[in-house]
Amino acid sequence: MTLSRRGVLGLAGAVGSAGAVAALGAAGTAGAAGTAGAAEVAGAARAAGAARAAGTVGLAGAAGVAAPRPAGRVRTGFERLAADGYAVLAGQKVGVVTNPTGITADARHLVDVLHADERVDLVAVFGPEHGFRGTAQAGDSEGASRDPATGLPVYDTYDKSGQRLADVFTAAGIDTVVFDIQDVGARFYTYIWTLYDCMRAAALAGKAVVVLDRPNPVGGLRAAGPVLERPYASFVGREPIALAHGMTAAELARLFNGEFLAAGPAPAGPVRLTTVAMSGWRRGSFFGETGLPWVPPSPNMPTPDTALAYAGTCLFEGTNLSEGRGTTTPFEVVGAEGIDRRWAEAANALGLPGVWFREAYFTPTFSKHVGKVCGGVRLIVHDREAFDPVRVGIGLLVTARRVWNGFGWRADHWIDRLTGTDRVRRLVDAGAGVEEVAGDWAAGLARFEAVRARYLLYS
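As the structure is a computational prediction, the values presented were derived from the model and not from experiment. (Residues numbered from 1 in each chain as written. Predicted model: local features only at pLDDT ≥ 70, side-chain atom pairs only at ≥ 80, totals over all residues. Heavy atoms only, no water.)

Observations regarding the overall build of the protein
(1) Moving on: When its secondary structure is counted, the protein shows 12 helices and 16 strands.
(2) Moving on: Counting contacts in the protein only where the partners sit at least 6 residues apart, residues at least 24 apart contribute 71% of the total.
(3) Moving on: As displayed, the protein offers around 16,600 Å² of accessible surface, 52% of which is attributable to carbon and sulfur atoms. (Helix = DSSP H or I, 4+ residues; strand = E, 2+ residues; numbered from the N terminus. Contact = heavy atoms within 4.5 Å. Areas by Shrake-Rupley, 256 points an atom, 1.4 Å probe, with all protein chains shown as cover.)

A closer look at the confidence of the model for the protein
(1) Moving on: Looking at the protein as a whole, its pLDDT mean stands at 85, while 81% of the residues score no less than 70.
(2) Moving on: When the criterion is pLDDT under 50, residues 1–23 qualifies, and its contacts beyond four places in sequence or with other chains add up to 89 contacts.
(3) Moving on: Confidence drops under pLDDT 50 across residues 25–71; counting only partners more than four residues distant or on other chains, this segment forms 95 contacts. (pLDDT = per-residue confidence, 0-100.)

A few points about helix H5 (residues 191–205)
(1) Moving on: If you check H5, its first and last C-alpha atoms are 21 Å apart, about what 15 residues at 1.5 Å a residue would give, namely 21 Å.
(2) Moving on: The buried fraction of H5 amounts to 12 of the 15 residues, a majority that puts the element mostly inside the structure.
(3) Moving on: Every buried residue of H5 is listed here: Tyr191, Ile192, Trp193, Thr194, Leu195, Tyr196, Asp197, Cys198, Met199, Arg200, Ala201 and Ala202.
(4) Moving on: Elements in contact with the buried residues of H5: strand E5 (93–98), helix H4 (162–172), strand E9 (176–180), strand E10 (208–212), helix H6 (249–261) and strand E13 (272–276).
(5) Moving on: Count one or two residues on from H5 and you reach Gly206, which has phi positive near 75°. (Expected span 1.5 Å × (residues − 1). Buried < 20%, exposed > 50% of the residue type's maximum accessible area, 1.4 Å probe, protein only.)

Examining unusual backbone geometry
(1) Moving on: In this model, Ala107 sits at a positive phi of 70°, which is unusual for a non-glycine residue.
(2) Moving on: On the secondary structure map, Ala107 appears in the loop between E5 and helix H3 (110–116).
(3) Moving on: Despite not being glycine, His413 shows a phi value in the positive range, around 55°.
(4) Moving on: Looking at His413, the relative accessible area reads 32%, which means it is partly exposed.

Focus: the packing of helix H8 (residues 342–349) against helix H9 (residues 389–403)
(1) Moving on: Put simply, H8 and H9 touch, their axes get as near as 9 Å, and they point 135° apart. Between H8 and H9, the angle falls in the class oblique. The way H8 lies across H9 gives a crossing that is right-handed. Contact residues: H8 offers Arg342, Trp343, Ala346 and Ala347, while H9 offers Leu396, Thr399, Ala400 and Val403.
(2) Moving on: Looking at the contact of H8 with H9 residue by residue, the class counts come to 6 nonpolar, 1 polar and 1 charged. (Axes fitted to C-alpha atoms, helices over the stretch in contact; angles between N-to-C directions. Parallel < 35°, antiparallel > 145°, perpendicular 65-115°, else oblique. Left-handed = near helix turned anticlockwise from the far one by under 90°. Nonpolar A, V, L, I, M, F, W, Y, C, P; charged D, E, K, R; others polar.)

Let's talk about the packing of aromatic side chains
(1) Moving on: Under the definition given, this model contains 16 aromatic pairs.
(2) Moving on: Taken together, a centroid distance of 5.4 Å and an interplanar angle of 75° make the contact between Phe188 and Tyr310 edge-to-face. Taken together, the residues Phe188 in the loop between E9 and H5 and Tyr310 in helix H7 (residues 304–313) connect sequence positions 122 residues apart. No difference in accessibility class separates Phe188 from Tyr310, as the two residues are buried. (Phe/Tyr/Trp six-rings, centres within 6.5 Å; stacked < 30°, edge-to-face > 60°.)

As for the packing of H4 against H5
(1) Moving on: Contact geometry for H4 and H5: axes closest at 8 Å, N-to-C directions at 70°. Looking at the two axes, H4 sits roughly perpendicular to H5. The way H4 lies across H5 gives a crossing that is right-handed. Here Gly162, Gln163, Leu165, Ala166, Phe169 and Thr170 of H4 lie close against H5, whose contacting residues are Asp197, Cys198, Arg200, Ala201, Ala202, Leu204 and Ala205.

Description of the pairing of E13
(1) Moving on: Along E13, 4 of the 5 residues are buried, which leaves the element largely enclosed by surrounding structure.
(2) Moving on: Alignment of E10 against E13, held across 5 bridges, turns out to be parallel. Residue pairing in the sheet places Leu212 in a bridge with Val276 of E13. (Pairing = 2+ DSSP bridges.)

Here's the deal with the sheet that holds strand E15 (residues 355–362)
(1) Moving on: Sheet architecture is open: 3 strands sit in the order E14-E16-E15, paired in antiparallel fashion. At either margin of the open sheet sits one strand with a lone partner, and together these are strand E14 (333–336) and E15. Going across the sheet, the axis of each strand differs from the next one's by a mean of 25°, ignoring polarity.
(2) Moving on: Relative to strand E16 (residues 374–381), E15 is paired through 8 bridges, and the arrangement is antiparallel. From the neighbouring strand, Phe362 faces E16, where its bridge partner is Cys374.

A few points about the pattern of salt bridges
(1) Moving on: Scanning the entire structure with this criterion turns up 25 salt bridges.
(2) Moving on: Here Arg391 and Glu435 are joined by a salt bridge, their closest N and O atoms 2.7 Å apart. Highlighted residues: Arg391 in helix H9 and Glu435 in helix H12 (residues 434–452), separated in sequence by 44 residues.
(3) Moving on: The class of Glu435 is exposed, set by a relative accessible area of 53%.
(4) Moving on: One continuous salt-bridge network, built from bridges that share partners, spans Glu317, Glu323, Arg325 and Lys368. (Salt bridge = Lys/Arg side-chain N within 4 Å of Asp/Glu carboxyl O.)

A short note on the pairing of E5
Consecutive side chains of a regular strand alternate in pointing toward one face of the sheet and then the other.
(1) Moving on: Within E5, 5 of the 6 residues are buried, which leaves the element mostly enclosed by the surrounding structure.
(2) Moving on: For E5 and strand E6 (residues 121–127), the ladder comprises 5 bridges, and the chain directions are parallel. Looking at the pairing, Val96 lines up with Val125 of E6.
(3) Moving on: Crossover E5 to E6 through H3 is right-handed.
(4) Moving on: Where E5 meets E9, 5 bridges bridge the pair, whose relative direction is parallel. Opposite Gly95, over in E9, you have Val177 as the bridge partner. (Right-handed = clockwise from strand over helix to strand, strands pointing away.)

Dropping the structure here:
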């Protein structure tokens with residue numbers, strides 16, 4: 001079905017599960033709710049005054065840090081933080097968790113901007129998977145270093161969590177962790193779990209967290225796919241959220257704080273959290289409508305079109321087929337040696353909305369099937385609003401298994417980590433179709449949608 005677009009709702013203030021969450025949003029908002037109550041604000045002036053009294057700031061359209069902006073462009077959390085004079089960082093030693101996507105509207109990196117501003121005491125940078133400069137491939141990082149542009153120490157957060165990461169924050173001498181990284185909307189994209197790990201570690205170390213929001217590049221009208229089951233938790237899914245979560249980083253931070261940090265199998269307690277909302281972003285918007293520059297969040301995420309397909313075709317990481325790594329269109333092409341046109345024909349016969357499948361051939365330069373000619377399919381999304389990447393991923397798994405006798409899962413059942421359950425694999429092996437597989441996760445997805453709704457910042 002085609003989903004309608006809705007207007008934007010900016011938040012002037014939000015109170016988290018135990019009074020620990022503060023959200024910076026657009027002025028003129030009527031109210032914002034957390035899990036333990038609602039702070040109602042009648043107008044922009046009162047919003048700013050009341051919010052500051054509670055550790056929350058409402059921003060009233062002050063100029064951003066960039067050059068003149070086109071009308072209607074989304075203003076990121078960083079721009080709104082700067083427009084308010086970095087008030088929430090005043091008097092604190094700050095460390096920033098970021099990568100090449102942490103940029104201003106005129107493509108300056110926020111670390112350079114913050115370092116040059118006397119109002120901010122920036123003392124450390126923290127790099128996630130792929131590194132602060134984004135040079136490492138999947139499952140790797142750049143390690144510790146010193147940033148040549150600013151002289152700041154760069155700490156490696158990859159593969160660190162809990163007390164181990166808390167000790168890194170303590171050693172860095174910071175008071176507040178600022179997070180600003182572009183996400184792509186899929187549970188198994190690890191930056192959201194870097195955020196989660198940083199929040200847990202900050203709670204353990206007694207540090208505050210500020211999340212600067214950016215758009216979900218594939219929109220945020222709905223969630224899709226199976227909800228993770230705890231026995232399958234890993235760094236590609238720490239907690240029970242849907243495969244395509246339909247949330248922004250700030251919204252996820254609010255959910256993490258309200259639902260998981262104070263509960264779950266290893267509670268750390270809610271962190272002192274401030275979320276700095278965007279202005280001008282609508283849940284039905286895709287990245288090309290934001291007016292913002294795209295910087296690849298990781299080496300195999302070159303374009304917003306890659307992100308659109310990723311939540312479905314990344315499932316092929318759990319198989320013996322190539323997910324297109326080592327090509328110029330990763331996650332938009334999938335295949336292996338010995339596959340021919342029959343796969344595209346079978347996939348098109350499913351009649352999945354919003355997408356066509358074209359017979360394709362490619363030769364990966366690294367990763368699976370390197371240097372070998374692979375046959376497979378290329379996704380052509382012709383209706384983004386109707387396109388459901390998770391159902392498409394399931395449809396491709398189902399049809400690949402039917403038409404190619406070489407199909408196989410990775411021996412470690414990585415597919416179960418990616419889907420967050422073993423039920424998808426078992427149903428596909430049993431010959432189930434797309435609707436049967438999707439029907440199996442429907443009840444869990446509905447429960448997640450109800451929880452998710454309490455933490456959304458935009459309409």
